[in-house]
Amino acid sequence: MNEAGEKARNFLEEIIEKDVKSGKHDGRVLTRFPPEPNGYLHIGHAKSICLNFGLAQKFGGKTNLRFDDTNPTKEDVEYVDSIKEDIKWLGFDWAEELYASDYFEQLYLWAQELIKKDLAYVDDQPQEQMRLNRGTVTQPGKDSPFRNRSVDENLDLFARMRAGEFPDGSRVLRAKIDMAHPNMLMRDPILYRIIHAHHHRTGDKWCIYPMYDYAHGQSDSLEKITHSICTLEFDVHRPLYDWFIEKLEIFPSKQYEFARLNLTYTVMSKRKLLQLVQDGFVSGWDDPRMPTICGLRRRGYTPESIRTFADRVGVAKRDNVIDLSLLEFCIREDLNKRAERRMAVLNPIKVVITNYPEDKVEEIHAVNNPEDEAAGKRAIPFSREIFIEREDFIEDPPKKFFRLKPDGEVRLRYAYLIKCNEVIKDDNGEVVELRCTYDTDSAGGTSSDGRKVKGVIHWVSAKHTVPVEVRLFDRLFQNEDPDDVPEGTDWKTGLNPDSLRVVKGFVEPAIKDVKPLDRFQFERLGYFSVDYESRPGKLVFNRTSTLKDTWAKISGK
RNA sequence: UGACCUAUGGUGUAAUGGUAGCACAGCAGAUUUUGGUUCUGUCGGUCAAGGUUCGAAUCCUUGUAGGUCAACCA
């Protein structure tokens, strides 16, 4: 924030603001989000989506969704659908749904134009030879022996490439730039390759397909994209991006690069994510431990929290690794305000309140959300036998432990003060039951004589319990940097063996009518959301995140 | 041993030649019928060396460190 109270602008906002003010493109702003439909979107894409759509919104512009579908061997409609779903869920609407493949004919025409201008040629060199002749980053490349074919011959060969006369890999169309250029991308980059493959949209119409560099910029230009925003690794592509626009004399879209998102304890590469799925380390792309948008959704994350996160991580050009705790902060912050509270016990121990009548059942009234009065109240049954969390009782507690202990008093949230009189153990010495008495004058949990009881614990009435399955997730990797594994071992050795624990939980009755993705705070435990596999009578909850746990910090060291 | 990009507290990100601020994390405290929330305080930073200037995180030079680029992937 600056003195005026407005948020500081990132470098892209500054560029666009300047362009708008100067009247460039009549002040028009049009961005695009250009995924390749070959995988699922993850939190890194979410940053890019929020950026592209957010920037346009900020300056009264629009954003296109364009699928970069120039490689039929890798792409599929399955991904198109999931990508659209994820973007919508995040809360964004695109102006137009477009495909690079929509432009194949125009791209072909432009390729012919480059040939006619003697700026492109058909190369017959085998792939290996071409690689050798490209040189290295420190050595210039060598011209192809086919570099100086006549325009007519190139035109003829290119037409025959399209006609399907040649096998895959036998010929390519290359731009004629400079084989000694210090930027490898400018050493006669390939424009078209031959792939006899079925394309998810164009079918078998084409057997030559444009490369990314040739397709992307021209697609931007065709759509009259004003600001083409991509990640840092495309920085070296920008001279080529500009070269095509200049030589073809077409609409001058401009490319700008920002640093992609990295998260601690998280892998983000499509390759690694795919491996986690294929090797069965997770249950699928939408496993709640995955950093995919569908995984986060299933985990219980809200779109709002992800947008806030994208906003807080900022936009710049330096490499960065964001603390996973920032993401967790964002979801807690959001859910604290909107999730209704319930009481649930995940690791129960039975408490019998010996001075409470056998058959009596009371209705206790509890606030649904202390952060939102409009959420109202609910009734919770209370009876003689209840469950409390096993961790909330310690026979010989450490200092500053103010939960239940022998002869100690604790508050049952919203109910009564109880005192532990007797600890019953089994033959192994394990505590199986606690016998307590309640203060009959402490209805609601307030003492009548003004004495202070610091501890408050949650509980459920034993015979009014709703049994549920609870999936406790933890970070997928043990190290902040998943690649930080012992020399010579695979990154997968860093996987956290305890990233998923499935337990049985007991919830108060006011939980029966829930549907997938409903979110709750189980008091003192964390935020939980209903899984897709949940069914009436067989509810399944995913732990979205724990609550901040100051006690764990104190006692855990 | 090439070209390009980038260097601000532990992690991010502002300061656009004029008081180095904000968030997360950490620590300490207050409040609290969630050891939650909220509130307060606190720790801690301009990669280095020169130069320009009344004044440099900012401009210049030279280093240093990290990243990107040698798919018929995007």
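Residues numbered from 1 in each chain as written. Chains lettered and ligands numbered in written order. Predicted model: local features only at pLDDT ≥ 70, side-chain atom pairs only at ≥ 80, totals over all residues. Heavy atoms only, no water.

Time to look at the protein's contact with RNA strand B. Surveying the vicinity of RNA strand B reveals 69 residues, the closest of which are Glu14, Arg341, Arg403, Gly444 and Thr550. Taking all atoms of RNA strand B within 4 Å of the protein, the share assigned to sugar and phosphate is 62%. Within the side chain of Arg403, a nitrogen or oxygen atom sits 2.3 Å from a base nitrogen of RNA strand B. Within the contact set of RNA strand B, a phosphate oxygen lies 2.9 Å away from a side-chain nitrogen or oxygen of Lys553. With four residues, the single largest contributor to the surface near RNA strand B is helix α12 (residues 324-338). Residue classes in the surface near RNA strand B are distributed as 26 nonpolar, 18 polar and 25 charged. (Near = heavy atom within 4 Å. Polar contact = N/O pair within 3.5 Å; in protein donor to acceptor, adjacent residues only side chain to side chain. Helix = DSSP H or I, 4+ residues; strand = E, 2+ residues; numbered from the N terminus. Nonpolar A, V, L, I, M, F, W, Y, C, P; charged D, E, K, R; others polar.)

Turning our eyes to something else, we now look at helix α6 (residues 151-163). The first and last C-alpha atoms of α6 sit 18 Å apart over 13 residues, in line with the 18 Å expected at 1.5 Å per residue. Asn154, Leu155, Leu157, Phe158 and Met161 are the residues of α6 that are buried. As for α6, its buried residues are in contact with α4 (104-116), β4 (120-123), β5 (172-175), β6 (190-194) and β7 (208-210). Of the residues flanking the end of α6, it is Gly164, one or two places downstream, whose phi is positive at about 90°. (Expected span 1.5 Å × (residues − 1). Buried < 20%, exposed > 50% of the residue type's maximum accessible area, 1.4 Å probe, protein only. Contact = heavy atoms within 4.5 Å.)

Positive phi is not limited to glycine here, since Tyr265 has a value of about 60°. Mapped onto the elements, Tyr265 comes out in the loop between β9 (254-258) and α9 (270-278). A positive phi is found at Lys400, a non-glycine position, where the angle reads about 70°. Summarising the element assignment, Lys400 is placed in the loop between β15 (385-389) and β16 (409-412).

For helix α7 (residues 212-222), a buried count of nine out of 11 residues is recorded, marking the element as mostly surrounded by other parts of the structure. By the burial criterion, the buried members of α7 are Asp213, Tyr214, Ala215, His216, Gly217, Gln218, Ser219, Asp220 and Ser221. Where α7 ends, the next residue or the one after it, Lys224, has phi of about 60°, a positive value.

Further remarks concern the pairing of strand β1 (residues 30-33). Here β1 shows a buried face lined by Leu30 and Arg32 and a second buried face lined by Thr31 and Phe33. Judged from the four bridges that link them, β1 and strand β2 (residues 62-67) form a sheet pairing that is parallel. Bridge pairing in β2 places Thr31 opposite Thr63. (Pairing = 2+ DSSP bridges.)

So, on to the packing of aromatic side chains. Applying the stated criterion across every chain yields a total of 25 aromatic pairs. Ring geometry for Tyr40 and Tyr79: centres 5.6 Å apart, planes at 80°, overall edge-to-face. With Tyr40 in the loop between β1 and α2 (43-58) and Tyr79 in helix α3 (residues 77-90), the pair connects residues that are 39 residues apart, well separated along the chain. Looking at Tyr40, the relative accessible area reads 13%, which means it is buried. According to the relative accessible area criterion, Tyr79 is buried, its value standing at 15%. (Phe/Tyr/Trp six-rings, centres within 6.5 Å; stacked < 30°, edge-to-face > 60°.)

Attention now goes to the pattern of salt bridges. Counted under the stated rule, the structure contains 52 salt bridges. Note that Glu257 is salt-bridged to Lys317, the shortest N-O span being 3.5 Å. Note that Glu257 is positioned in strand β9 and Lys317 in the loop between α11 (303-313) and α12, a separation of 60 residues in sequence. Taking the relative accessible area as the measure of exposure, Glu257 reaches 2% and is therefore buried. In this structure Lys317 comes out as partly exposed when scored by relative accessible area, which is 43%. Residues Glu523 and Arg413 are paired through a salt bridge, measuring 2.3 Å at the closest nitrogen-oxygen approach. With Glu523 in the loop between β23 (519-522) and β24 (526-530) and Arg413 in the loop between β16 and β17 (417-425), this pair connects stretches of sequence that are 110 residues apart. (Salt bridge = Lys/Arg side-chain N within 4 Å of Asp/Glu carboxyl O.)

Let's shift gears to the sheet that holds β5. Read from one edge of the open sheet, four strands run β4-β5-β6-β7, paired in antiparallel fashion. Edge strands, defined here as strands with exactly one partner in the open sheet, are β4 and β7. Adjacent strand axes in the sheet meet at a mean angle of 20°, parallel and antiparallel pairs treated alike. In the packing of α4 onto the sheet, contacts are made with β4, β5, β6 and β7, and the angle to β6 comes to roughly 120°. In the packing of α6 onto the sheet, the strands contacted are β4, β5, β6 and β7, and the crossing angle to β4 comes to about 60°. (Axes fitted to C-alpha atoms, helices over the stretch in contact; angles between N-to-C directions.)

Contact pair α2 / α11: the axes reach a minimum separation of 9 Å and the direction vectors enclose 80°. By the angle between their axes, α2 is roughly perpendicular relative to α11. On the side of α2, the interface is formed by Ile43, Ala46, Lys47 and Cys50, while α11 contributes Ile306, Arg307, Phe309, Ala310 and Val313. Taken together, the residues that form the contact of α2 with α11 break down as seven nonpolar, no polar and two charged. (Parallel < 35°, antiparallel > 145°, perpendicular 65-115°, else oblique.)

Right, let's talk about the side chain of Lys47 for a bit. Inspection of the secondary structure puts Lys47 in helix α2. Of the side chains with opposite charge, Asp319 comes closest to the buried, unpaired Lys47, at an N-O distance of 9.2 Å. When neighbours within four sequence positions are excluded, Lys47 is seen to be in contact with Phe258, Ala259, Arg260, Leu261, Ala310, Val313, Gly314 and Asn320. (Lys, Arg positive; Asp, Glu negative; His and termini not counted.)

Among the five residues that make up β24, five are buried, leaving the element largely enclosed by the rest of the structure. The pairing of β23 with β24 spans four bridges and is classified as antiparallel. In the strand pairing of β24, Phe522 is matched with Gly526. The turn joining β23 and β24, which pair antiparallel and follow one another in sequence, is formed by three residues; a positive phi near 70° is taken by Arg524. Inspection of the sheet shows β24 paired to strand β25 (residues 540-546) by five bridges, in the antiparallel sense. Bridging across to β25, Tyr527 finds its partner in Ser545.

In short, shape yes, function no, at least from these values alone.
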